[in-house]
Amino acid sequence: MSEHQNFNRIRIIMVNTSHPGNIGGAARAMKNMGLSQLYLVEPKEYPAEKAVWRAASALDVLDKAVVVDTLDEAIADCSLVIGTSARERRIPWPMLTPRECGERSWVESQSADIAIVFGREDRGLTNDELQKCHYHVHIPSNPDYSSLNIAAAIQVLCYEIRMAHLTEKEGKAISYDDWDVPRAKSQDLEYFYNHFEEALCKLEFIEADNPRQTMTRLRRLFNRIRMDEMELSIMRGILTSIQNYIRRVEKRIEQSKK
Ligand code: SAH
């Protein structure tokens, strides 16, 4: 596979960016390292002159940037989603160092689409957004001033992807991803979580109006496992069987009342 194809399967997603200059800066940072797939989720001001200025000679990246309304749309066909965070969060999540993030993205991009998600300049990513990720990555920085400019953070993580590529090119193998079945895509995982929640509510294991913490823990559990497509379809089948069983029992109870 050529260098190009691999890089083209790793997308950088910027959520709700306020300053268009940062979008241009990100496009430039990406192109310098060989990346080209930029997704913008509800940018505050875009297209914009300021983005063009900061992009310098990376206008091609900017021109083909994909603008979408939701993070779900941006990650739907990705099998690996990595969220970035400038600080520790309440519920710990599996973490990667920037180096591990580069290596994992590089290796998995041989066979799947990968997303690295960046947050708002002022508030970062919401908990809901972070919970859609398999891993989180934090760039080690001064604990008293840990938040990098977003284009600078994109530069660091894209650099690590380039380093992973160079390490492999030198013949130093990075561990291979040789799973037999493709990993489940983000959209199918979302359908699974919704199905799971529906079944657990019906079983009264969780309350329909207060499912939050349990579903967060279950998301973390299943995201950690990285189910493949076959495993996911088995899980969906099990949930459907449970729902069908409940329906049969309900029907029997109903009939016995008549
Ligand atoms: N106060 C916000 C800062 C957001 S900085 C917060 O606490 O989350 C804007 C974005 O830049 C972040 O959402 C993240 O995508 C990226 N970023 C900034 N500093 C980072 C760091 N040290 N590690 C990883 N990503 C970082």
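Residues numbered from 1 in each chain as written. Predicted model: local features only at pLDDT ≥ 70, side-chain atom pairs only at ≥ 80, totals over all residues. Heavy atoms only, no water.

**Q** Would you mind showing me how to read the overall build of the chain here?
**A** Along the backbone of the chain there are 11 helices and seven strands. Counting only C-alpha atoms, the chain reaches 75 × 40 × 35 Å along its principal axes. Per-residue burial over the chain gives 48% buried out of 258 residues. Residue pairs in contact within the chain that sit at least 24 positions apart in sequence constitute 84% of those at least 6 positions apart. (Helix = DSSP H or I, 4+ residues; strand = E, 2+ residues; numbered from the N terminus. Buried < 20%, exposed > 50% of the residue type's maximum accessible area, 1.4 Å probe, protein only. Contact = heavy atoms within 4.5 Å.)

**Q** Help me understand the site of the ligand in this model?
**A** Around the ligand, the structure places 21 residues, and the nearest of them are Thr84, Arg87, Gly119, Ile139 and Leu148. Interatomic distance of 3.2 Å between a backbone N/O atom of Asp122 and a nitrogen atom of the ligand. At 2.8 Å from a nitrogen atom of the ligand is found a main-chain nitrogen or oxygen belonging to Ile139. In isolation the ligand has 540 Å² of accessible area, and contact with the protein removes 93% of it. Taken together, the residues of the shell around the ligand sort by class into seven nonpolar, eight polar and six charged. (Near = heavy atom within 4 Å. Polar contact = N/O pair within 3.5 Å; in protein donor to acceptor, adjacent residues only side chain to side chain. Areas by Shrake-Rupley, 256 points an atom, 1.4 Å probe, with all protein chains shown as cover. Nonpolar A, V, L, I, M, F, W, Y, C, P; charged D, E, K, R; others polar.)

**Q** What is the right way to read the domain arrangement of the chain from this model?
**A** Where the parts come together, the accessible area they lose is often given as the size of the interface. Entries for the chain in the domain assignment read domain 1 (3–169) and domain 2 (186–257). For domain 1 and domain 2, the distance between their C-alpha centroids amounts to 32 Å. Roughly 1,300 Å² of surface becomes buried between domain 1 and domain 2 when both sides are summed, with 47% attributable to carbon and sulfur atoms. Broken down residue by residue, the surface that domain 1 buries against domain 2 is led by Ile91, Gln131 and His134, which jointly contribute 38%. Put simply, domain 1 and domain 2 have two salt bridges between them. The closest approach of N and O atoms between Glu190 and Lys132, which form a salt bridge, is 3.5 Å. Remark: the boundary between domain 1 and domain 2 carries nine residue pairs in polar contact (both at pLDDT 80 or more). For the side of domain 1 that touches domain 2, the elements supplying multiple residues, two or more each, are helix H5 (71–75), strand S4 (80–84) and helix H6 (98–108). Looking at the side of domain 1 that touches domain 2 residue by residue, the classes come out as 11 nonpolar, three polar and six charged. (Domains from an automatic or database assignment. Buried area = accessible area lost by both parts, 1.4 Å probe. Salt bridge = Lys/Arg side-chain N within 4 Å of Asp/Glu carboxyl O.)

**Q** Mind showing me how you'd approach a nonpolar patch on the surface here?
**A** On the surface, a nonpolar cluster with roughly 240 Å² of combined accessible area is contributed by Tyr159, Met163 and Leu166. As for its position among the elements, Leu166 is in helix H8 (residues 150–169). (Patch = residues over 30% accessible without salt bridge, like charges linked within 9 Å, V, L, I, M, F, W, Y side chains within 5 Å.)

**Q** Looking at this structure, how should I read the packing of H6 against H8?
**A** When two helices pack together, their arrangement is given by the angle between the helix axes and by the axis-to-axis distance. Remark: H6 packs on H8, axes separated minimally by 8 Å, with the N-to-C direction vectors making an angle of 60 degrees. Relative to H8, H6 is oriented oblique. The crossing of H6 and H8 is right-handed. Facing H6, whose interface residues are Pro98, Arg99, Gly102, Glu103, Ser105 and Trp106, H8 presents Leu157, Glu160, Ile161, Ala164, His165 and Glu168. When grouped by side-chain class, the residues that make up the contact of H6 with H8 number five nonpolar, three polar and four charged. (Axes fitted to C-alpha atoms, helices over the stretch in contact; angles between N-to-C directions. Parallel < 35°, antiparallel > 145°, perpendicular 65-115°, else oblique. Left-handed = near helix turned anticlockwise from the far one by under 90°.)

**Q** Would you mind going over the packing of aromatic side chains with me for this structure?
**A** Pairs of aromatic rings are described using the distance from one ring centre to the other and the angle between the two planes. Counted according to the given criterion, the structure contains five aromatic pairs. Relative to Tyr193, the ring of Phe192 lies with its centre 5.5 Å away and its plane at 50 degrees, an arrangement referred to as tilted. For Phe192, a relative accessible area of 0% gives the class buried. For Tyr193, a relative accessible area of 2% puts it in the buried group. (Phe/Tyr/Trp six-rings, centres within 6.5 Å; stacked < 30°, edge-to-face > 60°.)

**Q** Explain the nonpolar core here, please?
**A** The nonpolar side chains of soluble globular proteins are, as a tendency, buried together. Ile12, Leu35, Leu38 and Ile154 are the most contacted members of the largest nonpolar core, which has 39 residues in total. The biggest single contributor to this core is H8, with seven residues. Ignoring anything within four residues of it in the chain, the contact list for Leu38 reads Ile12, Met14, Ile23, Ala27, Met30, Val61, Ala65 and Val66. (Core = buried A, V, L, I, M, F, W, Y, C linked by side-chain atoms within 4.5 Å.)

**Q** In this structure, what is going on with the environment of Ile12? I would like to understand it.
**A** The topology assignment puts Ile12 in strand S1 (residues 10–15). Those residues in contact with Ile12 that sit more than four places away from it in its chain are Met30, Leu35, Gln37, Leu38, Tyr39, Ile116, Phe118, Ile154 and Cys158.

**Q** Just to check I follow, could you spell out the pairing of strand S6 (residues 114–118) for this structure?
**A** Each regular strand shows side chains that alternate between the opposite faces of the sheet. Counted residue by residue, S6 has five buried out of five residues, so it is predominantly covered. Bridge count between S1 and S6: five bridges; the pairing is parallel. Each residue of the ladder has a partner; that of Ile13, found in S6, is Val117. Strand direction decides the pairing type here: S4 and S6, joined by four bridges, are parallel. Looking across to S6, one finds that Val81 is bridged to Ala115. (Pairing = 2+ DSSP bridges.)

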